[in-house]
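Topology and contacts: notes
These are the residues of each chain, in order.
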Amino acid sequence: MSTTTAQPRTVLERFPAGAPRGSWPAEEYAAAQRLRGTNAQVVMDLGSDQFLVVTDTTPQ
């Protein structure tokens, strides 16, 4: 059995999962953050039915 320790993450922004077809606001926001130098990624929070843009670094 292996044990993994979750790294702390900071939620930068939340987006509802029901965006219009062809619209990817969470991905667009994450891409803009990466251009600014923040290692942002999109994850799905199934409990709240939202896409979260998270980073493993503390935003400046």
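Refer to the preceding data block for the structure.
If you're wondering where the values come from, they're calculated on a predicted model, not measured in any experiment.

Let's talk about the pairing of strand β2 (residues 40–45)
As judged from the six bridges shared by β2 and strand β3 (residues 50–55), these two strands associate in the antiparallel manner. Following the sheet pairing, valine 42 is matched in β3 by valine 53.

Notes on the sheet that holds strand β1 (residues 10–16)
In space, the three strands of this open sheet follow the order β1-β3-β2, with antiparallel pairing throughout. Each edge of the sheet is formed by a strand with only one pairing partner; in this case those strands are β1 and β2. Going from strand to strand, the sheet's axes swing by 30 degrees on average, the running direction of each strand aside. Where helix α1 (residues 25–35) meets the sheet, its contacts fall on β1, β2 and β3, and the angle it forms with β2 comes to roughly 155 degrees.

Section: the packing of aromatic side chains
Under the definition given, this model contains one aromatic pair. Judged by centre distance (5.8 Å) and plane angle (55 degrees), the ring pair of phenylalanine 15 and tyrosine 29 falls under tilted. A residue pair is termed long-range when its members are at least 10 positions apart, and phenylalanine 15 in strand β1 and tyrosine 29 in helix α1 qualify at 14 residues. Residue phenylalanine 15 is classed as buried on the basis of its relative accessible area of 15%. The exposure class of tyrosine 29 is partly exposed, given its relative accessible area of 25%.

Parameters at a glance
- Residues numbered from 1 in each chain as written.
- Predicted model: local features only at pLDDT ≥ 70, side-chain atom pairs only at ≥ 80, totals over all residues.
- Heavy atoms only, no water.
- Pairing = 2+ DSSP bridges.
- Helix = DSSP H or I, 4+ residues; strand = E, 2+ residues; numbered from the N terminus.
- Axes fitted to C-alpha atoms, helices over the stretch in contact; angles between N-to-C directions.
- Contact = heavy atoms within 4.5 Å.
- Phe/Tyr/Trp six-rings, centres within 6.5 Å; stacked < 30°, edge-to-face > 60°.
- Buried < 20%, exposed > 50% of the residue type's maximum accessible area, 1.4 Å probe, protein only.

Note that all results are geometric; they support no functional claim without further evidence.
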